[in-house]
Amino acid sequence: MKAVVCTDGRLTVEDLPAPSPARGQLLLNVTRTGICGSDLHARHHADTVAELAEKAGYPDFMRMNQGVVLGHEFVGTVAEYGPGCRKRWPVGTRIVALPTIKVGSEPQLVGLSERAPGSYAEQVLVQESMAMEVPSTLSDEEAALTEPMAVAWHAVRRAEVGRGQTAIVIGCGPIGLAVIAMLRASGVKRIVASDFSPGRRELAKKMGAHVVVDPRVEQPWDAYKPGRNELRSVSDLLDLGVTTMNKLRLVPGPVPWWHVFRLAEKFGETPAGPVVFECVGIPGMIDQLVTAAPLRSRVVVVGVCMEPDTFMPAMAGNKEIDLRFVFGYDPGEFHDTLQMMASGKVDVKPLITGTVGLDGVSTAFDALGDPEIHAKILIDPSSTVTEP
């Protein structure tokens, strides 16, 4: 089969032996696969990521000198079952799958490990138990985005945006745009998106942002009217405390004022800031957000920064900033995402800005460096197109 192999930063189309499914595995004929930001990063910085992954407990992340078939966002059709499978779907059925597979007794990340070739190829192996049938309402192009949209859904679920809270998305690259879509699908009423790129700001509107700002002109926390429980500064909190106590001390009755305070906490009536999604992933962003975000903001770090970074803990403490870091998704979230897309609750079509064949992958990688032109480029292994 033909596949795109990454070695020492070079992307070459090669003829490789056709994969054969082992026990519990399913062979797919790939119809579409997405180019992920992690693929772009791994092309030139795989060794750095591999060292971090090994410290986290995964020793098999790809290395620069290895020949690796990238690709972990994909849809394909059932071609063949390995031994021990339940054969849930007829040959030809459209399938998406979580990109984790057992090689021997060890789990491997499909498309990010030499031991688990990915979907920049005509065929890819998946674990049957991790596979899901694609609903008929979804095109191949849409279905290929199940994996990155599941990443965004996991981030939104972990963020726990409360009733009446504002969500602010910093950075409108593919993952930021996906977060916006999932916030809108989850019913958040105020979504603010911030990006320097006019093209990405326009896409943010299409994906569901209510307010879009250019941070050179306006800060995102100044672009909307705060909710009734949202404070902007420590001074606002102190003033609220005095004002509230003045009122509570005047209220007669058998219920002590401190019980009223606890009831307010129980019903979510205590002051809280917005939920801020950091979707940039460069050094300095966390410090900027800790310093600039309103009091009691929750900062959800979705962007992947691969360099050491610093922020001022005292500033985060004084403002009671809540930091949460997110990564990946679980099978339930993957399934949820597929169903939300199939039902029309989430529309991913605006994200797709180009498609190439295997011979166009290297050109597509270069094109993704310009945020004004492309968001998500897909690969169609049957296509001869070389320019996205």
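Look up a bit, the structure's there.
Residues numbered from 1 in each chain as written. Predicted model: local features only at pLDDT ≥ 70, side-chain atom pairs only at ≥ 80, totals over all residues. Heavy atoms only, no water.

(A) View of the overall build of the protein chain. For the protein chain, the helix and strand inventory stands at 11 helices and 18 strands. Here the protein chain holds 388 residues, and the buried ones make up 50% of them. Put simply, of all contacts in the protein chain between residues at least 6 apart along the chain, 71% involve residues at least 24 apart. As displayed, the protein chain offers around 18,100 Å² of accessible surface, 54% of which is attributable to carbon and sulfur atoms. (Helix = DSSP H or I, 4+ residues; strand = E, 2+ residues; numbered from the N terminus. Buried < 20%, exposed > 50% of the residue type's maximum accessible area, 1.4 Å probe, protein only. Contact = heavy atoms within 4.5 Å. Areas by Shrake-Rupley, 256 points an atom, 1.4 Å probe, with all protein chains shown as cover.)

(B) View of the environment of Thr-166. Mapped onto the elements, Thr-166 comes out in strand β11 (residues 166–170). Linking Thr-166 and Arg-190, residues 24 residues apart in sequence, is a C-alpha distance of 5.0 Å.

(C) Quick peek at the environment of Trp-153. Here Trp-153 lies in helix α3 (residues 146–159). Once the C-alpha coordinates of Trp-153 and Met-182 are considered, the two residues, 29 residues apart in sequence, prove to be 5.8 Å apart. Setting aside chain neighbours within four positions, we find Trp-153 in contact with Met-182, Ser-186, Glu-333, Asp-336, Thr-337 and Met-340.

(D) Structural context of the side chain of Thr-93. Following the sequence through the fold, Thr-93 ends up in the loop between β5 (73–81) and β6 (94–97). Here Pro-90 takes part through its backbone oxygen, which lies 2.7 Å from a polar atom of the side chain of Thr-93. Setting aside its immediate chain neighbours within four residues, Thr-93 contacts Gly-76, Thr-77, Val-78 and Glu-133. (Polar contact = N/O pair within 3.5 Å; in protein donor to acceptor, adjacent residues only side chain to side chain.)

(E) The arrangement of the nonpolar core in detail. Formed by 51 residues in total, the largest nonpolar core has its most connected members in Met-149, Leu-177, Ile-180, Leu-183, Phe-277 and Val-346. Mapped onto this core, the elements with two or more residues apiece are α3, β11, α4 (174–185), β12 (190–194), α5 (198–207), β14 (275–278) and α10 (331–343). For this core, the element with the highest residue contribution is α4, accounting for eight residues. Residues lining this core come from more than one domain, with at least three contributed by each of domain 1 (2–134 + 348–379) and domain 2 (148–229 + 271–325). Residues in contact with Phe-277, not counting those within four places in the same chain, are Ala-155, Val-156, Ala-159, Val-161, Ala-167, Ile-168, Val-169, Ile-170, Val-179, Leu-183, Val-300 and Val-302. (Core = buried A, V, L, I, M, F, W, Y, C linked by side-chain atoms within 4.5 Å. Domains from an automatic or database assignment.)

(F) Representation of the pairing of strand β2 (residues 10–15) within the structure. Sheet analysis places strand β1 (residues 2–7) next to β2, joined by six bridges and oriented antiparallel. Opposite Ala-3, over in β2, you have Glu-14 as the bridge partner. (Pairing = 2+ DSSP bridges.)

(G) Highlighting the sheet that holds strand β16 (residues 322–325). If you trace the six strands from one edge of the open sheet to the other, you get β13-β12-β11-β14-β15-β16, paired in parallel fashion. For this open sheet the edge positions go to β13 (211–213) and β16, each flanked by a neighbour on one side alone. Mean inter-strand twist for the sheet, computed between neighbouring axes without regard to direction, equals 20 degrees. With five bridges joining them, β11 and β12 adopt parallel strand pairing. By the bridge assignment for β12, Ala-167 is matched with Ile-191. The strands touched by α3 within the sheet are β14, β15 (298–301) and β16, with β14 carrying the most contacts at an inclination of about 150 degrees. With respect to the sheet, α4 is in contact with β11, β12 and β14, its orientation differing from that of β11 by roughly 165 degrees. (Axes fitted to C-alpha atoms, helices over the stretch in contact; angles between N-to-C directions.)

(H) Up close: the sheet that holds β1. Judged by pairing direction, the sheet is antiparallel, and its three strands sit side by side in the order β2-β1-β4 without closing on themselves. Looking at the sheet topology across the chains shown, the edges are occupied by β2 and β4 (68–69). In terms of strand pairing, β1 meets β4 through two bridges, oriented antiparallel. Bridge pairing in β4 places Val-5 opposite Val-69.

(I) Structural view of the packing of aromatic side chains. Per the stated rule, a full pass over the model turns up two aromatic pairs. Centre to centre, the rings of Tyr-329 and Phe-334 are 5.8 Å apart; their planes meet at 40 degrees, and the pair counts as tilted. (Phe/Tyr/Trp six-rings, centres within 6.5 Å; stacked < 30°, edge-to-face > 60°.)

(J) How the structure looks around helix α1 (residues 37–56). Its 20 residues place the ends of α1 only 20 Å apart at the C-alpha level, less than the 28 Å of an ideal helix rising 1.5 Å per residue. Along α1, the helix axis deviates most sharply at His-45, where the bend reaches about 100 degrees. Every buried residue belonging to α1 is among Asp-39, Ala-42, Arg-43, Ala-46, Val-49, Ala-50 and Ala-53, and all of these are buried. The inward-facing, buried residues of α1 contact β1, β2, β3 (25–34) and α11 (361–367). Once α1 ends, the next one or two residues include Gly-57, with phi positive near 110 degrees. (Expected span 1.5 Å × (residues − 1). Bend = angle between axes of the 7 residues up to and from the residue.)

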